[in-house]
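# Residue-level structural notes
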Amino acid sequence: MGSPSAADVASGPAPAPKARRRRGWSSVTGTVGPLGIGVAMLWLSVIVLLPLAALTVTSLEDGLAGFWEAVTSPAALSSLRITIGVSVVVALINVVMGTLIAWVLVRDEFPGKRIVNALIDLPFALPTIVASIVLLSLYGPNSPVHIELNATQPGLVVALAFVTLPFVVRSVQPVLIELDRDVEQAAASLGASNLTIFRKVVLPTLAPAMIGGAGLAFARAIGEYGSVVLIGGNIPHETQMASQLIQQRIEIDRPVDAAAISVALLAISFLTLLVLRVVAGRNQRRQEHSQ
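Residues numbered from 1 in each chain as written. Predicted model: local features only at pLDDT ≥ 70, side-chain atom pairs only at ≥ 80, totals over all residues. Heavy atoms only, no water.

This paragraph deals with the overall build of the protein. Within the protein one finds 12 helices and 0 strands. The linear arrangement of helices and strands in the protein, starting from the amino end, is α-α-α-α-α-α-α-α-α-α-α-α. Buried positions account for 33% of the 291 residues belonging to the protein. Summed over its atoms, the accessible surface of the protein is roughly 18400 Å², and 65% of this surface lies on carbon and sulfur atoms. (Helix = DSSP H or I, 4+ residues; strand = E, 2+ residues; numbered from the N terminus. Buried < 20%, exposed > 50% of the residue type's maximum accessible area, 1.4 Å probe, protein only. Areas by Shrake-Rupley, 256 points an atom, 1.4 Å probe, with all protein chains shown as cover.)

A few words now on the packing of aromatic side chains. Taken as a whole and assessed by the stated rule, the structure comprises 2 aromatic pairs. Ring centres of Phe 124 and Phe 167 lie 5.3 Å apart, and the angle between their planes is 80°; this geometry places the pair in the edge-to-face category. One end of the pair, Phe 124, is in helix α6 (residues 122–125); the other, Phe 167, is in helix α8 (residues 153–178), and 43 residues separate them in sequence. Its guanidinium or amino end placed over the ring of Trp 103, Arg 107 lies 4.5 Å from that ring's centre, counting from NZ or CZ. (Phe/Tyr/Trp six-rings, centres within 6.5 Å; stacked < 30°, edge-to-face > 60°. Lys NZ or Arg CZ within 6 Å of the ring centre and 35° of its normal.)

Turning our eyes to something else, we now look at the pattern of salt bridges. In this structure the tally under the stated criterion is 5 salt bridges. Between Glu 224 and Arg 220 there is a salt bridge; the shortest N-O distance is 2.4 Å. Residue Arg 220 is classed as partly exposed on the basis of its relative accessible area of 30%. We note a salt bridge from Arg 254 to Asp 257, for which the minimum N-O separation is 2.5 Å. On the basis of relative accessible area, Arg 254 is assigned to the partly exposed category, the value being 39%. (Salt bridge = Lys/Arg side-chain N within 4 Å of Asp/Glu carboxyl O.)

All right, on to the environment of Val 106 then. As for its position among the elements, Val 106 is in helix α4 (residues 74–107). A residue is classified by how much of its surface remains accessible, and Val 106, at 21% relative accessible area, is partly exposed. For the pair formed by Val 106 and Val 172, sequence separation is 66 residues and the distance between their alpha carbons is 10.0 Å. For Val 106, the residues in contact, after removing those within four places along its chain, are Lys 113, Gln 173, Leu 176 and Ile 177. (Contact = heavy atoms within 4.5 Å.)

Let us now look at the nonpolar core. Across soluble globular proteins, nonpolar side chains show a tendency to be buried alongside one another. Grouped together as the largest cluster of nonpolar side chains are 17 residues, with contacts concentrated most on Ala 102, Val 169, Val 172, Leu 176, Leu 206 and Met 210. Contributing elements (two or more residues each) for this core: α4, α8 and α10 (194–222). At 7 residues, the largest contribution of residues to this core is made by α10. The residues contacting Val 172, other than those within four sequence positions of it, are Thr 99, Ala 102, Leu 206, Ala 209 and Met 210. Counting 16 residues, the second largest nonpolar core, distinct from the first, contains Ile 82, Leu 149, Ala 161 and Val 228. (Core = buried A, V, L, I, M, F, W, Y, C linked by side-chain atoms within 4.5 Å.)

Tracing the backbone through its elements, the reader meets Leu 165 in helix α8. A C-alpha to C-alpha distance of 8.2 Å links Leu 165 and Pro 123, two positions 42 residues apart in sequence. For Leu 165, the contacting residues outside a window of four places in its chain are Asn 94, Gly 98 and Ile 101.

And the structure:
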């Protein structure tokens, strides 16, 4: 074999050809493999997609005209307006109070803190009808605290605030735990007030979590039934939630109308969750660019 020339030595070894991978639609990456993905998609279809598809088909049994008539009837529009309005108020209240509770649980130490932290998740485990019974006995006729909220929209707000509070608290709490307090201390050493530190340093970091928790609370509130069934009173055009109207339509043997109103609620919830995903994605990209 001949010795390499000076040109060959200067140029170095020839670069190895780059392997090109074309990732088609059928390529699978990860740890579970095609079987795991297939099982997950099958379970998702059986539990979520098929029922939603059946609901949509049922709502269209009378055609688009029948669907639109059911959704735009005076009773439906009134219940949807009450449901959305009360849910927005509940979400706003929970943003403030949920953030405050999360702040106290993370930044303060007091006797019984672990018990309070555990109680936050109680609405997740407690049947919501039990909450309605408790609230009715507390704020209904012959109220022991002399506050009667039975069959009023404030009663709906209290009931929905109870079942949706954990969404905001559990969304904000992890962000507060991971928050770098050195920046707050540096701002304080420069003479910034507590309000300025919260507004300029803490709030921008907490805002995405607060928005996410509020959105989840709103989406949960518009479909709630158990916690409002007793204390709400189910008065048409006053305290009748959309979920109660759906139950009423089923009882009078009008399942197509009930399905149409259900699809309207489903569309509102889906739009809310879609907006949350978009906001979360933009925030994540913003953080990646800042790093």
